[in-house]
Amino acid sequence: MFYNNPFSGISELVSPIMMQLFLITMVALVAAGTLIDIIHKKNVKYFFQNARKAKKNAKVQLTTSKRASVILKTVAHDIATTAELGRGKRRVAHVLGMYGTIIFWAASAFMIFAFPSAGIETPSSLTMAWHIGAIMTCLGGYWFWFFLRVDVSAEANPWYRIIQADLFVLALLACATFGLAWSFTQSSGMQNLSYIFLVLFIVANLVLFGGVYWSKFAHMFYKPGAAIQKNLAEADGSRDNLPPPAEAPEQFGLGIKREEPKHY
Ligand code: HEM
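A short tour of the structure in this document, coming up. (Residues numbered from 1 in each chain as written. Predicted model: local features only at pLDDT ≥ 70, side-chain atom pairs only at ≥ 80, totals over all residues.)

**Description of unusual backbone geometry**
Of note, Lys42 is a non-glycine position whose phi angle comes to about 60°, a positive value. Tracing the chain through its elements places Lys42 in the loop between α1 (16-41) and α2 (43-56). What makes Lys42 exposed here is the crowd of 10 C-beta atoms within 10 Å. Positive phi, close to 35°, is recorded for Thr82, a residue that is not glycine. Take Thr82: there are 20 C-beta atoms within 10 Å of it, and that puts it in the buried class. (Helix = DSSP H or I, 4+ residues; strand = E, 2+ residues; numbered from the N terminus. Buried ≥ 20, exposed ≤ 12 C-beta atoms within 10 Å, placed from the backbone.)

**Considerations on the site of the ligand**
Near the ligand you find 25 residues, and of these Met98, Thr101, Val169, Met220 and Lys223 are the closest. Mapped onto the shell around the ligand, the elements with two or more residues apiece are α3 (64-79), α4 (89-114), α5 (124-148), α7 (167-187) and α9 (219-235). Counting residues per element, the shell around the ligand draws most heavily on α4, which supplies six residues. Class assignment of the residues belonging to the shell around the ligand gives a composition of 13 nonpolar, six polar and six charged. (Near = placed C-beta within 6 Å. Nonpolar A, V, L, I, M, F, W, Y, C, P; charged D, E, K, R; others polar.)

**A few points about the nonpolar core**
By size, the foremost hydrophobic cluster in this structure holds 29 residues, and its most contacted members are Leu172, Cys175, Ala176 and Phe201. Secondary-structure elements contributing two or more residues to this core are α4, α5, α7 and α8 (191-210). A total of nine residues in this core trace back to one element, the largest contributor, which is α7. If we skip the residues at most four places from it in the chain, Leu172 touches Thr101, Thr137, Gly141 and Leu208. (Core = buried A, V, L, I, M, F, W, Y, C linked by C-beta atoms within 7 Å. Contact = placed C-beta atoms within 7 Å.)

Structure follows, in structure tokens:
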């Protein structure tokens, strides 16, 4: 299975051009969904208004090189390691799922554009990357879904309670799971079953990329922007228009140690 390029395996059924058009349509759906979300929520408008207001309160004028260094540090730390999730399971699960998804998507695009037909042999590093990316997505995603989700871990709801906010993680998991099942059944010669998983894989992709407006998909664009703005506001002293930190030491009493704080 790990050496199988499932896209070239169906090139006689679905032409490479069709597969490439499908991928381009998915990218267009993400762009359209995010744009409509921005227009509807007005979040980007508010974000820039706030950034302009904060700039007026700046205590230090940042030079271009200082700004570049703050942005680079944010990318390398806050964004690349999702530092906002703190130390612990949430962050490990997220990093696993995030890099898994990036590898899975990048390998899919390479396979579809560079090795779409059965005649050209796909490098094993690429087919391995596709499968490992999907497995990492499943590990991080299912760990999050079954054990770490706030409604399950802190609010004692059962794991099978599904709400609209779960659309993103569930569609992402469906893509990775059905993708793996499709490749496994195809490489094992279970042709009819592989067609069923192919259809499920296509439907999962349509839901994931077509549902951007209704899901949390766009957080992967908003979060990095917000992290960069926050760190720039800290570096120039404007602190996002917040008051300065209190000088008194943090005293919460012994009660804070009684139970791990997780009721957020
Ligand atoms: C390919 C990129 C990414 C993928 C696939 C991804 C995936 C996910 C998933 C599946 C969730 C759970 C959603 C839910 O609550 O149902 C999530 C939550 C989250 N993501 Fe991402 N993400 C990506 C990029 C990012 C980036 C770049 C950041 C920050 C810089 C980020 C920060 C967060 C945070 C703070 C949460 C909330 C986690 C929690 O409630 O435990 N994500 N992400």
